[in-house]
Each structure stands twice: as structure tokens, then as C-alpha cells.
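Overview (structure and organization)
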Amino acid sequence: MFKKKGLACLLTLCLLIISLFAMAPMAMAKSDNHLTIATTTSLNDTGLLKKLVPIFEKKYHAQVDVIAVGTGQALEIARKGDADMVMVHSKSQEMEFINQGYGEGRNIFACNHFAIVGPKSNPAHIKGYDLPEIMQAIAKSKSTFISRGDKSGTNTKELSLWKEAGIQPNGSWYLESGTGMGATLMMANEKKAYTLTDKATFWTYEGKDRLPNLTILVDGGKSLLNVYSAIAVNPNKVKGVNYSLAVRFIQFMKDMDTQKIIRNFGKDDYGQPLFIPKILMRKDQLQ
Amino acid sequence: MYEIKGLQKDYEEKRVLDINYLRLEKGKIFGIIGPSGVGKSTLLRILNLLEKPQQGEIYYQGNLVGDNEKERLAYRRSMTMVFQQPTVFNTTVYENIAYGLHIRGERGKKVQEKVSKTLELLDMDGYEKRQALTLSGGEAQRVCLARAVVLDPQVLLLDEPTASLDPYNVGMIEKMVRYLNKEKDTTVICVTHNMFQAKRLAHETMFLWEGKIVEKRATEDFFAQPLDPRTKAFLEGKMIY
Amino acid sequence: MQDILAGLKEAVQLLTNLDSQTYQIIFLSLQVSGMAVLLSSLLGIPLGAFISLRNFPGKKILMHLVNTFMGLPPVVIGLVVYLFLSNSGPLGELELLFTPQAMIIAQTILVTPIIAGLTIAALSGVNKNIALAAASLGANSWQVAWTIVKEARYGVLAAIISGFGRAIAEVGSVIMVGGDIEGSTRVMTTAIALQTRMGNFSTALALGLILIVLSFLINLSLYHLTQREGR
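Computed from a predicted model, the values in this text were never measured in an experiment.

On to the overall build of chain A, then. If you tally the helices and strands in chain A, you get 12 helices and 10 strands. Looking at chain A residue by residue over its 287 residues, the buried ones come to 43%. Considering only residue pairs separated by 6 or more positions, chain A has 75% of its internal contacts joining residues 24 or more positions apart.

Before going further, it helps to spend a moment on the overall build of chain B. Helix and strand counts for chain B come out as 9 helices and 10 strands. The C-alpha radius of gyration computed for chain B amounts to 18 Å, which stays within 12% of the reference 18 Å derived for 241 residues, consistent with globular compactness. The long-range fraction of contacts in chain B, counting pairs at least 24 apart against all pairs at least 6 apart in sequence, stands at 69%.

What follows deals with the sheet that holds strand 6 (residues 79–82) of chain B. Strand pairing in a sheet takes place through backbone hydrogen bonds and is either antiparallel or parallel in direction. Residues and elements named next belong to chain B. One open sheet accounts for 6 strands, arranged 6-7-8-3-9-10; its pairing is mixed. One side of each edge strand has no neighbouring strand; the edge strands of this open sheet are strand 6 and strand 10 (212–218). Each adjacent strand pair in this sheet contributes to an overall mean axis angle of 15°, direction not counted. Here 5 bridges tie strand 7 (residues 155–159) to strand 8 (residues 187–191), and the two strands are oriented parallel to one another. Following the sheet pairing, D159 is matched in strand 8 by V191.

In this section: the pairing of strand 10 of chain B. As paired elements, strand 9 (residues 204–209) of chain B and strand 10 of chain B share 6 bridges and run antiparallel to each other. Following the sheet pairing, F207 of chain B is matched in strand 10 of chain B by E215 of chain B.

For helix 6 (residues 128–136) of chain C, the set of buried residues is A131, A133, A134, A135 and S136 of chain C. Once helix 6 of chain C finishes, G138 of chain C follows within two positions and takes phi at roughly 100°, a positive value.

Moving on, we get to the sheet that holds strand 4 (residues 55–60) of chain B. All names here are of chain B. A sheet is described by the order of its strands in space; here 4 strands give the open sequence 2-1-4-5, paired in antiparallel fashion. At either end of the open sheet lies a strand with only one pairing partner, and these are strand 2 (14–24) and strand 5 (63–64). With 9 bridges connecting them, strand 1 (residues 2–11) and strand 2 associate as antiparallel partners. Along strand 2, the bridge assignment pairs D10 with R15. Against the sheet, helix 1 (residues 40–47) makes contact with strand 1, strand 2 and strand 4, and its axis sits at roughly 60° relative to strand 2, the strand it touches most.

All names here are of chain B. Of all residues in chain B, 98% attain a pLDDT of 70 or more, and the chain-wide mean is 87. Predicted confidence in chain B is weakest over strand 1, with a mean pLDDT of 79, and strongest over helix 3 (residues 93–103), with 93. This prediction of the complex comes with two scores: 0.82 for pTM and 0.86 for ipTM.

Our focus in this paragraph is unusual backbone geometry. Its identity as a non-glycine residue notwithstanding, D185 of chain B has a phi of 60°, on the positive side. Among the secondary structure elements, D185 of chain B is positioned in the loop between helix 6 (167–184) and strand 8. If you check the backbone angles, F98 of chain C has positive phi at about 60° while not being a glycine.

Let's shift gears to the arrangement of the chains. By contact count, the dominant pairing among the 2 pairs of chains in contact is that of chains A and C. What separates chain A from chain B at the closest point of their C-alpha atoms is a distance of 12 Å, and the two make no contact.

With that out of the way, let us pick up the interface of chain B and chain C. On the chain C side, the residues contacting the 18 residues of chain B number 14 residues. Elements with a minimum of two residues in the side of chain B that touches chain C: helix 2 (69–76), strand 6 and helix 3 of chain B. Counting residues per element, the side of chain B that touches chain C draws most heavily on helix 3 of chain B, at 3 residues. Residues of the side of chain B that touches chain C, tallied by class, amount to 7 nonpolar, 7 polar and 4 charged.

It is worth spelling out the nonpolar core at this point. Residues M85 and V86 of chain A together with A102, A106 and V177 of chain C are the most contacted members of the largest nonpolar core, which totals 203 residues. Residues within four places of A106 of chain C in sequence aside, it is in contact with I77, G78, V81, S173, V174 and V177 of chain C.

Quick look at the pairing of strand 8 of chain B now. Residue and element names in this part refer to chain B. Taking burial as the measure, the 5 residues of strand 8 include 5 buried ones, the bulk of the element. Both faces of strand 8 are covered, namely the face carrying T187, I189 and V191 and the face carrying V188 and C190. This β-α-β element, strand 7 to helix 6 to strand 8, shows right-handed connectivity.

Moving on, we get to the packing of helix 2 (residues 20–53) of chain C against helix 5 (residues 100–124) of chain C. The description of two packed helices rests on the angle between their axes and on the distance between the axes. All names here are of chain C. Interaxial distance between helix 2 and helix 5 falls to 6 Å at its minimum, and their mutual angle equals 40°. Our pair here, helix 2 against helix 5, has a crossing hand that is right-handed. Here the contact of helix 2 with helix 5 is composed, by residue class, of 20 nonpolar, 12 polar and no charged.

Residues and elements named next belong to chain C. The interhelical angle for the contact between helix 6 and helix 7 (residues 141–151), taken along N-to-C directions, is 135°, at an axis separation of 9 Å. Compared by their axis directions, helix 6 and helix 7 come out oblique. Note on packing geometry: the crossing formed by helix 6 with helix 7 is right-handed. Contacts between helix 6 and helix 7 involve I130, A131, A134 and A135 from the first element and Q143, V144, T147, I148 and E151 from the second. Residue composition of the contact of helix 6 with helix 7, by class: 6 nonpolar, 2 polar and 1 charged.

What counts and how
Residues numbered from 1 in each chain as written. Chains lettered and ligands numbered in written order. Predicted model: local features only at pLDDT ≥ 70, side-chain atom pairs only at ≥ 80, totals over all residues. Helix = DSSP H or I, 4+ residues; strand = E, 2+ residues; numbered from the N terminus. Buried ≥ 20, exposed ≤ 12 C-beta atoms within 10 Å, placed from the backbone. Contact = placed C-beta atoms within 7 Å. Rg over C-alpha atoms; globule rule 2.2 N^0.38 Å. Pairing = 2+ DSSP bridges. Axes fitted to C-alpha atoms, helices over the stretch in contact; angles between N-to-C directions. pLDDT = per-residue confidence, 0-100. Nonpolar A, V, L, I, M, F, W, Y, C, P; charged D, E, K, R; others polar. Core = buried A, V, L, I, M, F, W, Y, C linked by C-beta atoms within 7 Å. Right-handed = clockwise from strand over helix to strand, strands pointing away. Left-handed = near helix turned anticlockwise from the far one by under 90°. Parallel < 35°, antiparallel > 145°, perpendicular 65-115°, else oblique.

Put into C-alpha cells, the structure is as follows:
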């Protein structure tokens, strides 16, 4: 009786210890051909990196770890040297990062446009592309607006829109959700509210019939430009980062073959591509 | 066997034990009687090194029981105690009785033999695999006695061991005590409320009152003609306390 | 409703199709939380026994501390461990960040107070006379402590099970120190968070269902091991 129980315990213990040793190689993997990229959840969730990273890994015999968190957190991780480079879409925060000496320079590799979505009834009667006018209309009508409130790329853009319109959004109509884009859209759907979103997330959720009350009201325009860039962490400021491999990855992102993949990415799933690759971006868009 | 000198024990300002001198010879059965809460159990616990007195010296077989941990453990292992409430371990009867032997590093067939012999003596053949917590009060107390005596102690301390038991169990336990004393020359110190039990078992009986040993004599004389008036009053049930 | 039913269906599909990603995630979850609970038990049970059975100055304060740490938010633990293991932190040299080992460390810190606290509770429920009985039979203080732990073994086992439940179900700390990296640090809970965020609710539910069933099976087998004693 005791023997059987003891045997089972011993077996489980052995399994655990063996598996621990099996995991050990993973820790040793931090070497010259190991790259850690900190990126944003919205970029990661499009699936673009999932497509591109294996190509890079194969070509350069590298191992790439992608950490997807909020923009603020991605940059903070990079400052601490826990990532070798970042791929984000928030110019003001990127410039701060670079001015602090942590980053070498912005390497734009693609862009797309945000969209303002809202209830089909459109109580604020917004239309067209004059963003300051649009934001003022929303504020004046006190129509419910959901903000990400989390220093994400989307949030940064949203705040700049309010700023350009000369408005400090405040009041019971302005809600800061602190959740991811998908959850924010669902909240906007529930409350029949306006919000700023990237199109990929919107199409994904709309495709699953989760946003019956929402529709895209403002679909582009200069103010809604969303620029993605990659920044290598400055090895002179932060010790222990794999600078050479980061540079190589950034170059890879700008390679013609990669840019072609980016140009076509998303066509199958969304009917139209999700990104405009750098090679197709106009001069005035390269900001 | 024992010489106790100047023993003092206090509980919260109250002096529970105040024994100037006590001598207990080897190989006898001693009965301790007295009112409840007067220190009888405490005395046993102090002898078993389960409690520490404020003051006092214990001499065991001529040697002072000192502060050396190893010596104290060896000393403690030469005696065992059975408490008033049967406190069995949450496991089988066999494991309970074998406990002391396992602690001392004994294993295997020898242990099995000792356990079954002890169970036999207490009329509990075949009880080995029973869960100790499912036993009746009397059976549990017999198990407690079994696990104490299987160790062949030099001294057996009993704290009102049969207080809540039926005559059958009382008889079984007393039978074992007498057997031990006769066959193995075990010294027995038994605290009891039961005068008849003291008369049946003890060679000498003593009366503990307000922490002091008031009287200590051969059992027959103790009961027939108590010398101290307090003893007399207690035995006649006339003592008010 | 629809999502839940779809989730059930997908759960069965994921398991029967022997989807390697799913199995890798399941396996890693068990490894990380299993190892964490093992380490937490090795630390927490003796700690709990020490606090419960010995008297020393500051005993009450220590007990309050243990109770407080039982309720530490996983996210906070994750953040603190992250700061320690970060390249710019004191233990950066070890290069443990974003590895399963870091996740084990974080979960061990999370679970040890739980096991310690529940062990203390289990041991204080043991009859005080047990210690006396054990000592009177010749046990030294280590043996008495061990005997008391054995008396409370069902309570201690419950402590371990609670610890495991907490570990396998938490996401806050493993996501911070592990990074939810596909193929190396993605576990069930982080995968569920990811699927939810991406809007794949039925997949998220499917994984959640698998997690629940897994926990149930583990609980069942742990209790079965103890059943043999006829309890």
C-alpha cells in the first residue's frame, strides 16, 4: 500500500526534475544570434511579425523572441536592455526615447491609417476628413467617446487629435477604458460610442459579428496616419544588447522582398492590405 | 530509582508543586491520589521532562538529570507515559504502537513481532490495520498503553489512565500494569482518583495536597490508618476544597 | 450561448487533433506551475511548521506577514521579479528574463506564502496533546514536529493543492517575466489572454476548458493517492 503511493510520488518528482533539465537549454540560448524585439500588441496581433520573423530566422540562423506589450511598456523594456530593439507606432514617445539617448533613430517600415468608428446613428453628425472639426463636434455634442487611456500608439494618436482641435477632453462623456483595442471596441459597441481604432482590429471583431452597432465613420486622411517604425537600442547607452543583429533585422524590414510581403499582407483575410510598405509611402507620409 | 529534591513549580503566581524530598524505589508501583488540579499530572510531566520546574533537582538512578540535551533525551526514552485522554495518532493501530520503535530506529520483523505480542496481551489480536481514530475510548486507551509498553520502559507513568473506561478495559489495563511490574520489574507511578484501583495496584500510595506530599506509606497502612488528618479527611470524603 | 458551445467543440478538436502547439502550451503550464509548487512546498511547509510550532519573539508579526503575502497580486510579484531579473537590474547577469525559469521563480514567490500560511492553519488545528504524546514516547523536537505535520497531512495536502490552483490559473506574473513568447514561454493562461484580446473567444474558452479539466484531473489524482489509507 505504501509502496504504490511512494512510487507514484517518486515518479512525478522524477518527471518534474527531468523536465526542468530539459528546459535548461532554453535559458542558455541567449547568444550572438538571439534577438529580442519589444513591440506593441496591436502590431503583433495583425500577424505580420509572425509571418516575417521565421523568414529572418531562417536566413540568418537566428532566434527571435517577440514580446508584445503596450507601447509604453515596450519602450521601458528597451530602456532596461531587456529588448534589443522596438517596433512601435507612437512618434512622440519614440522621439522621447531617442532624445533620451536610448535609440539610434527611427526606421519607418510601413504605415496605415486609423479610423474613427461610432454608432450608425452618428449623433455628432461627423463626416469628412477635417479632424479638428470632427473632434469638436464630438465634444460639443457630448457624445460618448471611449479612450484607451494607456499610452498605447492608438492612445497617443487620439490625444494628439484632441490637442490639434484645441480640446481638453473631460466630462462624463469621455471614458478611459485602460483595456486593449478589442475590448475597447466592444465597450464602444455596448455604449454606442465613438472611438479611435486601427482597422485590423476593427475588421477582425466586425468579422465575428461582435460590433453590430458600430461602423467606420472617418476612414483616413493625414491626421489619422499611423506610422510604424523600428528602433535599435543604443549599445553605448544600454549594456548587453545585441545591436548588430537588431540592425540586421531593421535592414531586413526595409529589404525589397520584405516590403513586398508587407504590401500584400492582409489581402486574403480582410479583402485589402493592412499596411502600406515604406517603398510606397509618399514623402509627406514619411513623418 | 528516583530522588527528587526541592522541586517547585508555579503556574501564574500559584505554586502547584512544592516537594522538599521524594524517594521512589525501583520496581514498585506507586499510587498518587489527591484533589483535582493539585499538581499530580504536573508532577508526572516534570518527571517525563515534558515540563520544566522553576526549581528542583531530579536524580535518576543516582545521576542528576542535567541540561545536556543528549542525556535528557536518553533519560526520556527510558520512560513512557499514558495520559488521561487517549491521544492516538491519525493512522493505523500498528503505526501507533510501532511509533516509539520507529523513532528509535527499529524496523522490520522485530517490530512486527513486538507489536503483535503487545496487542495479544491487551486482547486486541488482529487490530493492526484498523484506523486508530475509529476505535472506542477503551480500545484507544489500550492502544495508548500498548504503544507505551512495547518500548519496555524502565518507568511507566500513568495519569488517570482508566478514568473514563468501563470495567472490562479497566481490568485489561491493570492486568498489563501488573504483568509489567512482575515480569519486567518496571517501576510504575500511577495517578488515580480511584481508591480501589490504588488499593489493587499500588505497593505504596501517597497523598498530594496543595503541592506537597502529605503522606506516603505502604498502601495497606495508608488506607487502613492514615496518619495525617488531611489524608483522613480526604479519604472519608469530608475534605472541602 | 454560441461562443460557449463553439468553445466546447473547439476544446475537443484541439485535444484530439493532437495540435502540437496546444500540447506544448499545456506541457509548459504543467512544468512551470508543477515545479513552482514543488519548490514552494519545500520552502513553505518547513517555514509554516517552524512558525507554527516554535515560540520566538516576533512570531505574531511573522504570521501577519505571511498572511499578507498570501494575498499579493500576481502582477506586482511579476513586476518586482522583472525588475530584479532585468538586464539593468541586480540579477541581469543571469539572463533569466523571458524564460520559463523566470516564470517558475515568480510563481514560487507567489505560492510559498500560501502554502506556508495554510500549513500554519493546518498545524494549529492539531490536538496539543499529540505533541506531548510524541515526546513522551521518546521523540526529539524534530521528530515531534514531523509527527505533527503528519497528523495534519490532509490540511497540508490541501495547502499544496491550493497553491497549485493559484499557480496554474494566474497570468499576471508569468506574462510579465515570461513575455508570452510563442514556442518558449507561452502557457495556458497567457494563451487565453492573447486569444481573448484577439477576439477569438471560442478558442479562449476552449483553452480555459482544457485548463479546468486539467486541474480537475490533477486534484482527483492527488486525492486518490491519499484515499489508499482508507479515509
